[in-house]
Protein chains: 4
Amino acid sequence: MEHVADVRVLYADTDAAGVAYYANYFRWFETGRAELMRQKGTAYRDLTEAGMLLPVVEASIRYRSPARYDDVIKVYAEVREMRGARITFGYRLTRSDGKLLAEGATLHAFTDDRGKVVRAPANLTMNTRLVDKSAEEGR
Amino acid sequence: MEHVADVRVLYADTDAAGVAYYANYFRWFETGRAELMRQKGTAYRDLTEAGMLLPVVEASIRYRSPARYDDVIKVYAEVREMRGARITFGYRLTRSDGKLLAEGATLHAFTDDRGKVVRAPANLTMNTRLVDKSAEEGR
Amino acid sequence: MEHVADVRVLYADTDAAGVAYYANYFRWFETGRAELMRQKGTAYRDLTEAGMLLPVVEASIRYRSPARYDDVIKVYAEVREMRGARITFGYRLTRSDGKLLAEGATLHAFTDDRGKVVRAPANLTMNTRLVDKSAEEGR
Amino acid sequence: MEHVADVRVLYADTDAAGVAYYANYFRWFETGRAELMRQKGTAYRDLTEAGMLLPVVEASIRYRSPARYDDVIKVYAEVREMRGARITFGYRLTRSDGKLLAEGATLHAFTDDRGKVVRAPANLTMNTRLVDKSAEEGR
């Protein structure tokens, strides 16, 4: 996976148990896939301006260690698979000292802006094949 | 003001200080104005489906006592003023035992869905005049 | 599963694609397990006041149809499994007309308020056995 | 005011009107005061670890232009006033091209971790006097 962003935990992200609220990790996953896509040459904003969306179809996460207020979280992301109209992103969040906080994945469909499933844009496919290859080599 | 809704504080709403995060009270204000409008006969969804929006221009709040996890918050709302293309809502949040939690207001503009300021719909105006009148009587 | 709560989608819950943001469904899952526990006789607040927590260890969701502004979501929840220090909740969200919006599950550990894993309280176990049984009968 | 942070607008921050949801600007205000305090030598985490809190007593905002998905927001913050147990922060959010998005302020009380109002720590006071002075010179 690639290190794509650092985010700092706000009070807004925490809950009364003194740790980051479980749903907010998916916010950081969003940062992960957005920055990965930007680095690969197709920002998500480019897709939406071209009339495409990537709605989430499935999401999963395993929490390993709680993130706390003011922690700096290192966000890692990768494209795990891309086939037809579907793309799977993988994520890993660590604390700045390397401690693993959470791992997860999201599966998305390519749709037009009315929700109809469509094939991924050809130029995105090429970028992603390169990603897949380097991801395999990195394992 | 009218009692328009009850909402229960989730872990999602709290922060590491053990109380509701300050920005989340504005979520409860949204519940307040949405339910007030619905009760007055014009749900916000009706406005948006008619191509209108009510973007917030100003917002303010005074926090009186912290809301905590699992508290049931009574949401009170009123139309304070409506003139031309502007409407001001007032809010009061109390705990179920009557303890005052917060008070505030939001000022909104009527716009079309491209952000252009427009006059309020005539039928809404009428409803609101009735609101204003009863609000004055209630003070 | 049991119908434990109704929640209305706020603007706060939606995103620029015009539908509920994917992380916010986990907020509704929280409402689901909190109300289920309350109905079974042990509100989550009771647990925390007894020095226990139920941190989420894993979470997963499948999105079936997008929730939209002002939809009323029916929240269904059940205890799927409870063994030793772990409990799994299942969830189903439908629109008020019955349309399936999302399904998911969360796995939690029982811990003390310092994060040490502990066995579930005996009285909660009993309640849950009853839940498990009726859940099986209901399938 | 000082430029203390840049934040990028996520889908999580937007709503169905296609712009950032009004409550989320207060999240960015939190980033503003946290980074300002860190730069002045007293991170908010230092305060909390010393048993102090800075609960918000009042907050207000004027929205000038909507923030949209993927915008990079420049966050400016300053200490406006500090007297006894109270401190006021001012904020200004601009788009990266300089367009003004919002301005606001938050008033906070210094309290211990049980909510009792206390005087600000002496060393923080000194830092802040310097801030106040430079802020006046900068106006």
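In this report, we go over the structure that sits alongside the text.

### Notes on the overall build of chain A
Thought 1: Within chain A, the regular secondary structure consists of three helices and seven strands.
Thought 2: When the elements of chain A are put in sequence order from the N terminus, they spell out β-α-α-β-β-β-β-β-β-α.
Thought 3: Residues counted as buried form 57% of the 139 residues belonging to chain A.
Thought 4: Within chain A, contacts between residues at least 6 apart in sequence are counted, and of these 66% link residues at least 24 apart.
Thought 5: Per element, the accessible surface of chain A, about 6200 Å² overall, is 46% carbon and sulfur.

### Topic: the environment of F110(A)
Thought 1: Along the chain, the position of F110(A) falls in the loop between β6 (100–109) and β7 (111–112).
Thought 2: F110(A) sits 78 residues away from G32(A) along the chain, and the two C-alpha atoms are 18 Å apart.

### Points about the interface of chain C and chain A
Interface size is commonly expressed as the accessible area that is lost once the parts come together.
Thought 1: Each partner contributes to the interface: chain C provides 19 residues, whereas chain A provides 19 residues.
Thought 2: The three residues of chain C that bury the most area against chain A are Y22(C), F26(C) and Y63(C), which together make up 34% of that side's buried surface.
Thought 3: Linking chain C to chain A there are two salt bridges.
Thought 4: A salt bridge links R62(A) to E58(C), with the shortest nitrogen-to-oxygen separation between them at 3.5 Å.
Thought 5: Counting across the chain C and chain A interface gives 12 residue pairs in polar contact (both at pLDDT 80 or more).
Thought 6: Take the side of chain C that touches chain A: its biggest share by element is eight residues, from strand β3 (residues 56–63) of chain C.

### A short note on helix α1 (residues 25–39) of chain A
Residues and elements named next belong to chain A.
Thought 1: When the terminal C-alpha atoms of α1 are compared, their 21 Å separation across 15 residues agrees well with the 21 Å that a helix rising 1.5 Å per residue should span.
Thought 2: The buried count for α1 comes to 13 of 15 residues, which makes it a mostly enclosed element.
Thought 3: With its phi angle positive at about 105°, G41 sits one or two positions after the end of α1.

### Digging into unusual backbone geometry
Thought 1: Within the chain, D70(A) stands out as a residue other than glycine whose phi angle is a positive 75°.
Thought 2: D70(A) sits in the buried class, given a relative accessible area of 7%.

### What to know about the relation of the copies chain C and chain A
Thought 1: Note on the copies: chain C fits chain A at an RMSD of 0.0 Å, the axial shift is 0.0 Å, and the rotation between them is 180°. On the angle and the small slide along the axis, the relation comes out as a two-fold axis. Across chain C, the rotation axis passes nearest the C-alpha of S60(C), at a separation of 2.1 Å.
Thought 2: Same-surface contact between copies: 100% of interface residues of chain C are shared with the interface of chain A.

### A word on the pattern of salt bridges
Thought 1: This structure, assessed with the given rule, holds 52 salt bridges over all chains.
Thought 2: Across the salt bridge formed by D71(C) and R45(B), the nearest N and O atoms sit 2.9 Å from each other. Of this pair, D71(C) sits in the loop between β3 and β4 (72–83) while R45(B) is found in helix α2 (residues 44–49), placing the two residues in two different chains.
Thought 3: Judged by its relative accessible area of 9%, D71(C) falls in the buried class.
Thought 4: Using a relative accessible area of 26% as the deciding quantity, one classes R45(B) as partly exposed.
Thought 5: A single network of salt bridges, built from pairs that share partners, joins R8(A), D70(A), E35(D) and R38(D).

Basis of the calculations
Residues numbered from 1 in each chain as written. Chains lettered and ligands numbered in written order. Predicted model: local features only at pLDDT ≥ 70, side-chain atom pairs only at ≥ 80, totals over all residues. Heavy atoms only, no water. Helix = DSSP H or I, 4+ residues; strand = E, 2+ residues; numbered from the N terminus. Buried < 20%, exposed > 50% of the residue type's maximum accessible area, 1.4 Å probe, protein only. Contact = heavy atoms within 4.5 Å. Areas by Shrake-Rupley, 256 points an atom, 1.4 Å probe, with all protein chains shown as cover. Buried area = accessible area lost by both parts, 1.4 Å probe. Salt bridge = Lys/Arg side-chain N within 4 Å of Asp/Glu carboxyl O. Polar contact = N/O pair within 3.5 Å; in protein donor to acceptor, adjacent residues only side chain to side chain. Expected span 1.5 Å × (residues − 1). Least-squares fit on C-alpha atoms with pLDDT ≥ 70 in both.

Treat this as a map of the structure, not an account of what it does.
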